[in-house]
Amino acid sequence: MSTEREEQVINTCYTTIHTLDKQKDKKQKRVQYMKKDGKFPVMFLKAPGDWSPYFVDIFTTLIEIRWRVMFLIFFLSNIISWLLFGLGYWLIAYVNGDTESLENKPCVENVRGFTGAFLFSVETQATIGYGFRYMNEYCIVAIVVVTVQDLFSCFLDTIIIGIVLAKMASARKRAQTVGFSKFAVVNLRDGVLCLSWRLGDFRGNHILEGVVTAKLVRCMKRPQGFIAWSYQDLQIEEPEIALTTPVTIIHKLEPGSPLYSLDPDELLEENFDLVVSFTYTGDSTGMLHQTRTTYTPADIRWGQRFKDILKVGKKHYRVDYAFFNKTTWVPVPMLSAEALNRKRHPDDGHLPSVNRKGGTGHVTQEITEEPVLQTFL
């Protein structure tokens, strides 16, 4: 019997995806640890009316709100302040008798009613200064109100401009221009089964320093009904990279890897999230950014590799991002890395493996009788 037959090597160039139909049979869809866009599906339940965390850190709250809410706050803050100070000027005119007698020397010229007071408030706060309405120097109360409104106008403009600039320079926006591939693949590299995925900068900037991390996360239900999280780090072949062109991140399925003993069928039956992240410093702003995504077992394509997207031209390296998520089939053993090593080295005895369900979960503090599992860090 041939070696290809013993190792169950299949030329997948002429086959379809071998076990994706199993995912269709599962009716219950689990909640992922993290979504593809890097957001966490976590809802915090607080006491009704407890808004203190948002008011204590009001600056962060204003930065994280949506743009439409920010514009609404901007419009309302200006309109309400115009109305309040306009009401103050109208009260000054009413007390001084400017609204009743045209012969009376007014505190503010040409302010005889609330409409005129409102327009004077807008002109003062917006520094329009048409010259038709102006203040007389003998009315001390009106001078104080104008001074307070000028100071308030400067303070309000500073806050609004600062928040808008902070939102525009948010690290999240830059992180959206650096992305991972939609799928991860498993193939042979130098005779070793490897899990790999792509990372690229869609803006064309050159990120010269960054660190890639990968972590396998599982949700574990304790006998008492509590939920614990299991975290296992994946060893990256070259974690520190320079993202001048798209790169392929590689994790070798070797002894010590939580995926070492999984074959293609067992992989799809697993329940985990592969959380990957790339932390780097932006070359334009100097701010620290992080791009992250997650891969489920259904997102891992066994027996495929990414298509080449880097070409060498006469004067430049050409990168075709149209093939960033494109894969092609390659001959790969339909065995786990552990079984493949045993077949290649039958005389070496039992190779060490890892417990796929291992890893430490951070449990809630109420679980006092449960021992804490060991974390693979």
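Our subject is the structure listed above.
All of these numbers come straight from a predicted model, not from anything done at the bench.

Rules of the game
- Residues numbered from 1 in each chain as written.
- Predicted model: local features only at pLDDT ≥ 70, side-chain atom pairs only at ≥ 80, totals over all residues.
- Heavy atoms only, no water.
- Phe/Tyr/Trp six-rings, centres within 6.5 Å; stacked < 30°, edge-to-face > 60°.
- Helix = DSSP H or I, 4+ residues; strand = E, 2+ residues; numbered from the N terminus.
- Buried < 20%, exposed > 50% of the residue type's maximum accessible area, 1.4 Å probe, protein only.
- Lys NZ or Arg CZ within 6 Å of the ring centre and 35° of its normal.
- Polar contact = N/O pair within 3.5 Å; in protein donor to acceptor, adjacent residues only side chain to side chain.
- Axes fitted to C-alpha atoms, helices over the stretch in contact; angles between N-to-C directions.
- Parallel < 35°, antiparallel > 145°, perpendicular 65-115°, else oblique.
- Left-handed = near helix turned anticlockwise from the far one by under 90°.
- Contact = heavy atoms within 4.5 Å.
- Nonpolar A, V, L, I, M, F, W, Y, C, P; charged D, E, K, R; others polar.

**Brief notes about the packing of aromatic side chains**
So, step 1. One pass over the full model with this rule turns up ten aromatic pairs.
So, step 2. For the pair Phe202 and Phe324, a centre-to-centre distance of 5.5 Å together with 80° between the ring planes defines the contact as edge-to-face. Placement of the pair is Phe202 in the loop between β4 (192-201) and β5 (207-221) and Phe324 in the loop between β14 (317-319) and β15 (327-329), with a sequence separation of 122 residues.
So, step 3. Residue classification places Phe202 among the partly exposed positions, given a relative accessible area of 42%.
So, step 4. Summarising the aromatic geometry, the rings of Phe278 and Tyr280 are spaced 4.9 Å apart at their centres and angled 20° between planes, so their arrangement reads as stacked. Like Tyr280, Phe278 is buried.
So, step 5. Across the ring face of Trp67, the terminal group of Lys167 is positioned such that the distance to the ring centre comes to 5.0 Å.
So, step 6. Above the ring of Phe183, the side-chain terminus of Arg301 is found at 3.5 Å from the ring centroid.

**So, the side chain of Glu270**
So, step 1. Mapped onto the elements, Glu270 comes out in the loop between α9 (264-269) and β9 (273-281).
So, step 2. Polar contacts involving the side chain of Glu270 include one to the side chain of Arg218, which spans 3.1 Å.

**Remarks on unusual backbone geometry**
So, step 1. The residue Asn110 is not glycine, and still its phi comes out positive at about 65°.
So, step 2. Checked against the element boundaries, Asn110 lands in the loop between α5 (67-96) and α6 (114-125).
So, step 3. By relative accessible area, which is 33% here, Asn110 ends up partly exposed.
So, step 4. In the Ramachandran plot, Thr127 falls in the positive-phi region, its phi being about 50° despite a non-glycine side chain.
So, step 5. Relative to the assigned elements, Thr127 resides in the loop between α6 and α7 (140-168).

**Some thoughts on the packing of α6 against α7**
So, step 1. Put simply, α6 and α7 touch, their axes get as near as 9 Å, and they point 55° apart. The orientation of α6 with respect to α7, classified from their angle, is oblique. Crossing handedness for the pair α6 and α7: right-handed. In this structure, α6 contributes Phe120, Ser121, Thr124 and Gln125 to the contact, and α7 contributes Val146, Gln149, Asp150, Phe152, Ser153 and Leu156.
So, step 2. Its residues placed into classes, the contact of α6 with α7 shows four nonpolar, five polar and one charged.

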